[in-house]
Amino acid sequence: MRDIIDALMIVPRSLFSLIALFLITKLIGRKQVSELSLFDYVIGISIGNFAAEMTINLDAPYMHGIIAVLVFGISAYLVSLFTMKSIHLRRWIIGTPILMIQNGKILEKNMKKVMIDVNDLLEQCRNAGYFDLNEIEYAIMEANGKISILPVSEYKPLTPKDMKVKVSKASLCANVIIDGVIMHKNLENMNKTEDWLKQELKVKGYQDTKNILLATLDNQEKLTIYEKNEDIKNYNVLE
């Protein structure tokens, strides 16, 4: 009986922990894991440990865990504010970019500073699409550990500007139908009406929206439709 009561106690504690973590995450910001600095990473691990401990350890006072989470979360928020105002503090806490390759030459001294070896460098270059170091002019390790690459001039991809080709201005596509439901606000933002959309659907052979998984509209008034396709057999070659 005691075990059942303890198990049931975990449910509300888990929910409160989840809410606390969500609020703290909203406070800290929306950085992806790959964009976290060392400081953010440490804060994240610590808060996760606190949340797990106060959820499962029924002998520990729950409020102690909540206070710990709040202290770490608010500290991370304050550090973010201070580092935005002070470049010196930002460099000390967040770190600075470091050159890994300069003028096509690997800087072994800088690699030792950040504790990576040649294999790590080669792996990150391959992940960026460069399998030959001769194609790289500069490689910089950012504060979050990712490597940014400036290729040698002759290996830079061509752009419309290089080819003197005039292109239309890029813009976001609006999702005007999702799971068969018309997104009226998105239509309004594109200066279109539901009647206009239904007429366009009829032109494309759709009498209603029930078989439409997604429909997008760009600034050139191009309507792209993706049908629901649950019955289509897929051939997975990536397992």
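Only a predicted model underlies this, so the values are computations on that prediction, with no experimental measurement involved.

A.B. asks: Please set out the sheet that holds strand β5 (residues 174-178) residue by residue, giving values where relevant.
C.D. replies: Taken in spatial order, the 4 strands of this open sheet run β6-β5-β7-β8, and their pairing is antiparallel. Lying at the two open borders of the sheet, with one neighbouring strand each, are β6 (181-182) and β8 (223-227). Across 5 bridges, strand β7 (residues 212-217) lies against β8 in antiparallel orientation. For T216, the partnering residue across the bridge sits in β8 and is T224. Along the sheet, helix α8 (residues 194-203) contacts β5, β6, β7 and β8; its crossing angle with β8, the most-contacted strand, is approximately 65 degrees.

A.B. asks: Account for the environment of N103, naming residues and giving values.
C.D. replies: Tracing the chain through its elements places N103 in the loop between β1 (98-102) and β2 (105-106). When the C-alpha positions of N103 and I136 are compared, they lie 8.0 Å apart, and in sequence the two are 33 residues distant. Sequence-distant contacts of N103, defined by excluding residues within four places in its chain, comprise E137 and Y138. Within polar-contact distance, the side chain of N103 engages the side chain of Y138 at 2.9 Å.

A.B. asks: Lay out unusual backbone geometry in plain terms, naming residues and giving numbers.
C.D. replies: The backbone of N191 shows a phi angle near 60 degrees, a positive value even though the residue is not glycine. Mapped onto the elements of the fold, N191 is located in the loop between α7 (184-189) and α8. Its relative accessible area of 70% is what places N191 among the exposed residues.

A.B. asks: I'd like a description of the pattern of salt bridges, backed by residues and values.
C.D. replies: Counted under the stated rule, the structure contains 2 salt bridges. Between E221 and K192 there is a salt bridge, with its nearest N and O atoms 2.6 Å apart. Of the two residues, E221 is situated in the loop between β7 and β8 and K192 in the loop between α7 and α8; the sequence distance between them amounts to 29 residues. Where E194 meets K198, a salt bridge forms, and the shortest distance between an N and an O atom there is 3.0 Å.

A.B. asks: Give me the nonpolar core: which residues, what numbers.
C.D. replies: Residues V176, I177, L197, L201 and L223 are the most contacted members of the largest nonpolar core, which totals 14 residues. Those elements that place two or more of their residues in this core are β5, α8, β7 and β8. With residues near it in sequence (within four places) discarded, L197 still touches V176, I177, I182, L187 and L223. Membership of the second largest hydrophobic core comes to 11 residues, among which are M111, C125, Y130 and A139.

A.B. asks: Lay out the packing of aromatic side chains in plain terms, naming residues and giving numbers.
C.D. replies: Both the distance between ring centres and the angle between the ring planes are used here to describe each pair of aromatic rings. Scanning the model with the defined rule gives 0 aromatic pairs in all. Taking the ring centre of W196 as reference, the NZ or CZ of K192 above it sits at 4.7 Å.

A.B. asks: Describe a nonpolar patch on the surface, naming the residues involved and giving the relevant values.
C.D. replies: Together, L70, I74, Y77, L78 and F82 line one region of the surface with nonpolar side chains, adding up to about 440 Å² of accessible area. Looking at the secondary structure, you find F82 in helix α3 (residues 62-85). Residue class for F82 comes out partly exposed when judged on its relative accessible area of 47%.

A.B. asks: Tell me about the sheet that holds β2, residues and numbers included.
C.D. replies: For sheets, the rule is that strands pair by backbone hydrogen bonds, running either parallel or antiparallel. Across the sheet, 4 strands lie side by side as β2-β1-β3-β4; this open sheet has antiparallel pairing. The open sheet terminates on both sides in strands that have one partner only, identified here as β2 and β4 (147-151). Sheet analysis places β1 next to strand β3 (residues 136-141), joined by 4 bridges and oriented antiparallel. Within β3, the position partnered with L99 by the bridge is I140. Sitting on the sheet, helix α6 (residues 118-127) touches β1, β2, β3 and β4, and the angle it makes with β4 is about 70 degrees.

A.B. asks: I'd like a rundown of the pairing of β7, residues and numbers included.
C.D. replies: Across 4 bridges, the pairing between β5 and β7 is antiparallel. Each residue of the ladder has a partner; that of I177, found in β7, is A215. Counted along the chain from β7 to the antiparallel partner β8, the turn is 5 residues long, and its residue E221 has a positive phi close to 65 degrees.

Each value, and the rule that gives it
- Residues numbered from 1 in each chain as written.
- Predicted model: local features only at pLDDT ≥ 70, side-chain atom pairs only at ≥ 80, totals over all residues.
- Heavy atoms only, no water.
- Pairing = 2+ DSSP bridges.
- Helix = DSSP H or I, 4+ residues; strand = E, 2+ residues; numbered from the N terminus.
- Contact = heavy atoms within 4.5 Å.
- Axes fitted to C-alpha atoms, helices over the stretch in contact; angles between N-to-C directions.
- Polar contact = N/O pair within 3.5 Å; in protein donor to acceptor, adjacent residues only side chain to side chain.
- Buried < 20%, exposed > 50% of the residue type's maximum accessible area, 1.4 Å probe, protein only.
- Salt bridge = Lys/Arg side-chain N within 4 Å of Asp/Glu carboxyl O.
- Core = buried A, V, L, I, M, F, W, Y, C linked by side-chain atoms within 4.5 Å.
- Phe/Tyr/Trp six-rings, centres within 6.5 Å; stacked < 30°, edge-to-face > 60°.
- Lys NZ or Arg CZ within 6 Å of the ring centre and 35° of its normal.
- Patch = residues over 30% accessible without salt bridge, like charges linked within 9 Å, V, L, I, M, F, W, Y side chains within 5 Å.
- Areas by Shrake-Rupley, 256 points an atom, 1.4 Å probe, with all protein chains shown as cover.

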